[in-house]
Amino acid sequence: MSYQHILLAVDYSAHNDYVANKAKSLADIYQAKLSILHVLDNIPMPDTNYGEVIRLNENTGYELLEAEKRKLIELGKRLAIDDDDQWLVWGVPNQEICACAAQEKVDLIIVGSHGRHGLALLLGSTANSILHHAHCDVLAVRLLDN
Ligand code: AMP
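Since this is a predicted model, take the numbers as computed values, not measurements.

Quick look at the site of the ligand now. Close to the ligand lie 15 residues, the nearest being Ala9, Val10, Val39, Gly112 and Thr126. With respect to the ligand, the backbone of Gly112 contributes an N or O atom lying 3.1 Å from an oxygen atom. The separation between an oxygen atom of the ligand and a polar side-chain atom of Thr126 is 2.7 Å. Burial of the ligand by the surrounding chains reaches 90%, relative to a free accessible area of 480 Å². Broken down by secondary-structure element, the contributors of at least two residues to the shell around the ligand are strand S2 (33-40), helix H3 (93-103) and strand S5 (108-113). The leading source of residues in the shell around the ligand is S2, at three residues. A class-by-class count of the residues in the shell around the ligand yields seven nonpolar, five polar and three charged.

A few words now on the packing of aromatic side chains. Under the criterion given, the structure shown has one aromatic pair. Relative to Tyr30, the ring of Tyr3 lies with its centre 5.2 Å away and its plane at 85°, an arrangement referred to as edge-to-face. Residue Tyr3 is located in the segment before strand S1 (5-9), and its partner Tyr30 is located in helix H1 (residues 16-30); the two are separated by 27 residues in the primary sequence. A relative accessible area of 14% places Tyr3 in the buried class.

Okay, the environment of Ala80 next. By secondary structure assignment, the location of Ala80 is in the loop between helix H2 (63-78) and strand S4 (86-90). As for Ala80 and Leu34, which are separated by 46 residues in sequence, their C-alpha atoms are 9.0 Å apart.

Within S2, seven of the eight residues are buried, which leaves it mostly tucked inside the rest of the structure. Both S1 and S2 contribute to a ladder of five bridges, which runs parallel. Along S2, the bridge assignment pairs His5 with Lys33. Traced from S1 through H1 to S2, the parallel crossover comes out right-handed. As paired elements, S2 and S4 share five bridges and run parallel to each other.

Strand-to-strand pairing in sheets goes through backbone hydrogen bonds, with the strands running parallel or antiparallel. Taking strand neighbours across the sheet as the criterion, the six strands line up as S3-S4-S2-S1-S5-S6 in an open arrangement whose pairing is mixed. If you trace the sheet from one side to the other, it starts and ends with strand S3 (53-54) and strand S6 (137-142), each paired once. In this fold helix H5 (residues 126-133) packs onto S5 and S6, with an angle of close to 155° to the strand it touches most, S5.

Within the largest apolar cluster, 28 residues are counted, with the highest numbers of intra-cluster contacts made by Ile6, Leu8, Leu34, Leu65, Leu79, Leu88 and Ile110. The dominant element in this core, judged by the number of residues it contributes, is H1, at four residues. Once you skip the residues sitting within four places of it in the chain, Ile110 turns out to touch Ile6, Leu7, Leu8, Ala9, Val19, Ala23, Leu26, Leu139 and Val141. Core analysis: the second largest hydrophobic core is formed by 17 residues, Leu7, Val89, Ile97 and Val106 among them.

What follows deals with the pattern of salt bridges. Scanning the entire structure with this criterion turns up seven salt bridges. The salt bridge involving Asp28 is made with Lys24; its shortest N-O contact spans 3.7 Å. Remark: Lys24 and Asp28 occur in helix H1; sequence separation between them is four residues, near one turn of the helix. The exposure class assigned to Lys24 is partly exposed, which follows from its relative accessible area of 25%. In this structure, Glu58 and Arg55 form a salt bridge, with 3.2 Å as the shortest nitrogen-oxygen distance. The exposure class of Arg55 is exposed, given its relative accessible area of 59%.

The rules behind each value
- Within each chain, residue numbers correspond to sequence positions counted from 1 in written order.
- This being a predicted model, a pLDDT of at least 70 is required before a residue's local features are given, and a value of 80 or more before pairs of side-chain atoms are given or counted; all residues contribute to the totals for chains, interfaces and linings.
- For the side-chain quantities, the full set of heavy atoms in the structure was used; hydrogens and water were omitted.
- Residues are counted as near a molecule or strand when any one of their heavy atoms sits within 4 Å of it.
- Polar contacts, as used here, are pairs of N or O atoms within 3.5 Å; protein pairs need one atom able to donate a hydrogen and one able to accept it. Residues neighboring in sequence count only if both atoms are side-chain atoms.
- Surface accessibility in these figures is a Shrake-Rupley result with a 1.4 Å probe; residues are shielded only by whichever protein chains are displayed.
- The secondary structure listing takes helices from DSSP runs of H or I that are at least 4 residues long and strands from runs of E that are at least 2 residues long, numbered from the N terminus.
- Only Asp, Glu, Lys and Arg are considered charged in this grouping, and only Ala, Val, Leu, Ile, Met, Phe, Trp, Tyr, Cys and Pro are considered nonpolar; every other residue, Gly among them, is considered polar.
- Any Phe, Tyr or Trp ring, taking Trp's six-membered ring, that has another such ring centre within 6.5 Å forms a pair; planes under 30 degrees apart are called stacked, those over 60 apart edge-to-face, and the others tilted.
- Think of it in three bands: with a 1.4 Å probe and only protein chains considered, a residue is buried below 20% of the maximum accessible area for its type, exposed above 50%, and partly exposed in between.
- Strand pairing requires that DSSP identify at least two bridges connecting the strands.
- Orient the strands so they point away from the viewer, and a crossover whose first-strand-to-second-strand path over the helix runs clockwise is right-handed.
- What makes two residues a contact is simply this: any of their non-hydrogen atoms within 4.5 Å.
- In this description, a line fitted to the C-alpha atoms serves as the axis of each element, helices being fitted only across the stretch in contact, and the angle between N-to-C directions of two axes falls anywhere from 0 to 180 degrees.
- Think of a nonpolar core as a cluster: buried Ala, Val, Leu, Ile, Met, Phe, Trp, Tyr and Cys residues, connected wherever their side-chain atoms sit within 4.5 Å.
- The rule for a salt bridge is simple: a side-chain nitrogen of Lys or Arg has to be within 4 Å of a carboxyl oxygen of Asp or Glu.

Structure follows, in structure tokens:
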């Protein structure tokens, strides 16, 4: 049994490279296609007709969005990911990650997981929600907060 299409969900946090390196290693081991996705949930959506999926090869003139694009493109380059396999979409992270995985026939989603406790756990996390809603395997990489 092997994975053929791995989706790495990236949030550009301090742990990003740690999770990304694990995803790259697994993709190499399985000789799987590796895609990356960042969901734009932290900058205002401009009142334009860009749609929900942002093309990476087009300058939108919207500085905040261009900064998000640059970060994704930089990571994509470092992981040697094809341009067509780098996605930037507007929305709610857990929903978009699961929807994208289903649409692109992903068989493994990789996310970071903080191992929250107490109230934070009750409020839920992106990793937890994906684990409950994804139709494929999910690897939650344990992140240690110091
Ligand atoms: P969280 O529980 O929200 O801290 O996020 C845990 C993991 O979910 C992160 O390590 C990422 O893998 C993924 N994630 C969170 N937010 C986003 C986002 N905006 N876009 C893509 N992936 C995300």
